[in-house]
Amino acid sequence: MINDKRIIYSGMQATGTLTLGNYLGALKNWVTLSSEYECIYGVMDLHSLTVRQVPAKFRKSARSIYALYVAAGLDPEKNCIYYQSHVSGHAELSWILGCFTYMGELNRMTQFKDKSAKHADNINAGLYTYPVLMAADILLYQADLVPIGVDQKQHLEITRDIAQRFNAIYGDVFTVPEAYVPKTGAKIMSLQDPMKKMSKSDENVNATILLLDSKDDILRKFKRAVTDSDSAVRYAEEKPGISNLMGIYSCVTGKSFEEIEKEFDGRGYGDFKAAVGEAVADALAPLKARYQELMADKAYLDSMIKMNDEKAQYYASKTLRKVQKKVGLTERIR
Ligand code: TRP
């Protein structure tokens, strides 16, 4: 608890840029949480180091993602938005927790298996201990709830296991976090393969709407979106492409599936895809404008980063000191 509120913790990796899937599936929901919860969101730049980065480009995307969090509506005065690498406690706690994590557990992580298959030339120890660092992120802030997608569920499970194991030995040190499943919000799928999640690292540029895409790009990508052979705008499991577009349209317009079906009754996919494109471009326009403003105002963004770093540091060091003491590390002489 912070200020009598339960704590929410989440974050995204600091590479590339954010997609419509990140926005509708996560960010847009995060924005609604700040009145009810104490929210802490990291730009997870340490996790990004598991893949080789070009330093200047990496630095730029990390700042861009910070600005996108804010542009999407997360008020940096109400939410603690910070860079993971600015709080050294993540790395310090990660080491300690690593000593409470079994290799057998890490061997079971499906993301590690997938990623090592993808980067066979660089299967580094960081990739292997990625879930331990993630556990440290979450436990450092005593988070009650962690909004995550299904692909991160296994990482939250291991976080809970580590926390419970530690607590069983040393007493109630960590809050055992739970996954937060938002009431609304959608899992947005690739526009080119609706069985696959929309991802910023997709090789097919047409598969993904980026938050900073131009209106023309957005319209073009929706026009090319994969659908199915009949032509009815109807939500159905056997129509994953159209259903995905309906989910997107519903998210940005607030219309229900029935309303959408009625609106496009007797009209073809062409009309529908154009309408989805327009609606998404309209929804993203203010976000993009705010982003440009933020990126132009270095002093403001820097001041928010500094303020939140200090806030995060404060919460983190409280937990870290407690942990160090519990495991018997020698206290510093002050
Ligand atoms: N692994 C997460 C992802 O790729 C990002 C992440 C790192 C995270 N640390 C976290 C998410 C802590 C939630 C909580 O999506």
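Presented here is a report on the structure given in the accompanying data block.

Criteria and thresholds
Residues numbered from 1 in each chain as written. Predicted model: local features only at pLDDT ≥ 70, side-chain atom pairs only at ≥ 80, totals over all residues. Heavy atoms only, no water. Helix = DSSP H or I, 4+ residues; strand = E, 2+ residues; numbered from the N terminus. Contact = heavy atoms within 4.5 Å. Polar contact = N/O pair within 3.5 Å; in protein donor to acceptor, adjacent residues only side chain to side chain. Near = heavy atom within 4 Å. Areas by Shrake-Rupley, 256 points an atom, 1.4 Å probe, with all protein chains shown as cover. Nonpolar A, V, L, I, M, F, W, Y, C, P; charged D, E, K, R; others polar. Salt bridge = Lys/Arg side-chain N within 4 Å of Asp/Glu carboxyl O. Buried < 20%, exposed > 50% of the residue type's maximum accessible area, 1.4 Å probe, protein only.

### Quick look at the environment of Lys215
Assignment of secondary structure puts Lys215 in helix 9 (residues 215-223). If we skip the residues at most four places from it in the chain, Lys215 touches Glu278, Ala281, Asp282 and Lys288. Side-chain polar atoms of Lys215 contact the side chain of Glu278, separated by 3.0 Å.

### Describing the site of the ligand
Every residue close to the ligand is listed here: Tyr9, Ser10, Gly11, Met44, His47, Tyr130, Met134, Asp137, Ile138, Val146, Ile148 and Gln152. One of the side-chain nitrogen or oxygen atoms of Tyr130 is found 2.7 Å away from a nitrogen atom of the ligand. Side-chain polar atom of Gln152 to a nitrogen atom of the ligand: 3.0 Å apart, as the coordinates give it. Alone, the ligand offers 360 Å² of accessible surface; in the complex the protein occludes 89% of this. Counting residues per element, the ones that place at least two in the shell around the ligand are strand 1 (7-13) and helix 7 (125-140). No other element matches helix 7, which puts four residues into the shell around the ligand. Residues that form the shell around the ligand fall into these classes: seven nonpolar, four polar and one charged.

### Re the pattern of salt bridges
Scanning the model with the defined rule gives 15 salt bridges in all. Asp213 is the partner of Lys221 in a salt bridge, and the nearest nitrogen-oxygen pair spans 2.7 Å. Residue class for Lys221 comes out buried when judged on its relative accessible area of 5%. The class of Asp213 is buried, set by a relative accessible area of 8%. Put simply, Arg267 and Asp271 hold a salt bridge, and the shortest N to O gap is 3.1 Å. A relative accessible area of 36% means that Arg267 is categorised as partly exposed. The exposure class of Asp271 is partly exposed, given its relative accessible area of 40%. The network of salt bridges with shared partners includes Arg63, Lys298 and Asp302.

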